[in-house]
Amino acid sequence: MEINKKDIRALTKEQLRDFFVKEGDEAFRGNQVYEWLWSKSAHAFEDMTNISKETRQMLEDNFVINHIKVDTMQRSSDGTVKNAVRLHDGLIVESVLIPTPTRTTACVSSQVGCSLDCSFCATSRLKRMRNLNPDEIYDQVVAIDNESRLYFNRPLSNIVFMGMGEPLMNYNNVIKAIDKITSP
Amino acid sequence: MSPKRIVVSTSGVPKMIKKMADDEVKFNLAVSLHSAIDEVRTSIMPFNETFPLKDLQEALEYWYEKTKKAITYEYIVWKGINDSIKDIEALVTFCKYVPCKVNIIEYNPIDDGAFQQASSQAIEDYIRILERNNIVVNVRRSRGKDIDAACGQLANKS
Ligand code: SF4
């Protein structure tokens, strides 16, 4: 992993637009790249087919796209799917897909470990390592949505922030992720 | 996806619940309540010492005032911890503060067995008494238990 390159998805749309203007390009290029990152869930700069080759190379030289990776996936006899998701720094969180006859619900994590210490909860036995970034929360949803389409032939219908972690202790990032999930 | 289909489930951090209300968020709020008696709640959720139920109540009233959105209380019933009539009556009182519904969740034991699922009699008592007080109550069967995917089980085996 390149340590000195920036995670491009840490930038807001405005920051991306500014970046292109500074590079001598048009601001709307920022919108195009933003759309690839957030609406089309692009995993690599080379997937951004309406961006010129030179520009893609330039992005490649400056940034990385830190996508999560589904490390292991387990399926329960009742249809429930659990993903262990590996983050770019090697830490792992879990998210769950719960199918019912009328909906498919994603249960996603907001922290690695938890800030709190409820005595009945398995997550509380883990040390809290860090908050998840907005893109790491968003990616869990995308991964579960893909599995929902694959296994149940329908998109995800509901999301609950009830996985690992206390979402309100990572409020800003949770809000940013929800904004991305709900933006049309 | 519409924010109406998103639920943020918190253990109840009063200051942040008020902030969400001020931010006029459009998603739904669930609170892991598990007990409406301070001593009991503190014994299973130690941070309740810092944010007692009185503060939670006040934050929830503020939330409802601002958003007009009902709250869902997540509630697990454990043997010998919160399965008495006194516990149920405290919950009924708490449910009167703001419009809400209650989800009774089946407990998934994690390894050491200190917590055990309450008897079905205790669960039935909860349902009966809540309904008698016109409180909407659902029982959530646990899903994905065989792969440790159920509520509170995540990271059980890592
Ligand atoms: S994950 Fe939820 S239940 Fe578990 S310790 Fe954190 S707040 Fe408590």
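In this text the structure is predicted, and so the values were computed from the model without any measurement.

### Observations concerning the domain arrangement of chain A
Residues and elements named next belong to chain A. Assigned domains of chain A: these are domain 1 (6–64) and domain 2 (69–182). Centre-to-centre separation of domain 1 and domain 2, based on C-alpha positions: 27 Å. Taken together, the contact pairs five residues of domain 1 with five residues of domain 2. Regarding the contact of domain 1 and domain 2, the summed buried area is about 550 Å², with carbon and sulfur atoms giving 44% of it. Ranking the residues of domain 1 by area buried against domain 2 places Arg9, Trp38 and Ser41 at the top, with a combined share of 78%. Applying the counting rule to domain 1 against domain 2 returns two salt bridges. Two residues, Asp139 and Arg9, come together in a salt bridge whose shortest N-O distance is 2.7 Å. Across the contact surface, domain 1 and domain 2 share three residue pairs in polar contact (both at pLDDT 80 or more).

### Concerning the interface of chain B and chain A
Counting residues at the interface gives 47 residues for chain B, matched by 40 residues for chain A. Summing both sides of the interface, chain B and chain A together bury roughly 3500 Å²; the carbon and sulfur share of this comes to 63%. Run the count over chain B and chain A and you get zero salt bridges. The tally of links between chain B and chain A comes to twelve residue pairs in polar contact (both at pLDDT 80 or more). When residues of the side of chain B that touches chain A are traced back to their parent elements, those giving at least two are strand E1 (6–10), helix H1 (14–22), helix H2 (38–44) and strand E3 (71–76) of chain B. Here the residues of the side of chain B that touches chain A sort into 25 nonpolar, 13 polar and nine charged. Here strand E9 (residues 158–161) of chain A pairs with E1(B) via three bridges, running parallel.

### Concerning the layout of surface pockets
Residue and element names in this part refer to chain A. Here the second largest pocket defines a volume of roughly 460 Å³. Lining the second largest pocket we find 20 residues, and of these Trp38, Ser39, Tyr138, Lys180 and Ser183 sit closest to its centre. Only helix H2 (28–38), helix H4 (134–152) and helix H5 (171–182) provide two or more residues apiece to the lining of the second largest pocket. Of the residues that constitute the lining of the second largest pocket, the class distribution is ten nonpolar, five polar and five charged. Residue-level mapping places the lining of the second largest pocket at the junction of two domains, with at least three residues from each of domain 1 (6–64) and domain 2 (69–182).

How each quantity is defined
- Residues numbered from 1 in each chain as written.
- Chains lettered and ligands numbered in written order.
- Predicted model: local features only at pLDDT ≥ 70, side-chain atom pairs only at ≥ 80, totals over all residues.
- Heavy atoms only, no water.
- Domains from an automatic or database assignment.
- Contact = heavy atoms within 4.5 Å.
- Buried area = accessible area lost by both parts, 1.4 Å probe.
- Salt bridge = Lys/Arg side-chain N within 4 Å of Asp/Glu carboxyl O.
- Polar contact = N/O pair within 3.5 Å; in protein donor to acceptor, adjacent residues only side chain to side chain.
- Helix = DSSP H or I, 4+ residues; strand = E, 2+ residues; numbered from the N terminus.
- Nonpolar A, V, L, I, M, F, W, Y, C, P; charged D, E, K, R; others polar.
- Pairing = 2+ DSSP bridges.
- 1 Å grid on protein atoms, 1.4 Å probe; cavity = no way out; pocket = protein on both sides within 12 Å on 5 of 7 lines; lining within 4 Å.
- Points joined across faces, edges and corners; volume = space filled by probe spheres on them.

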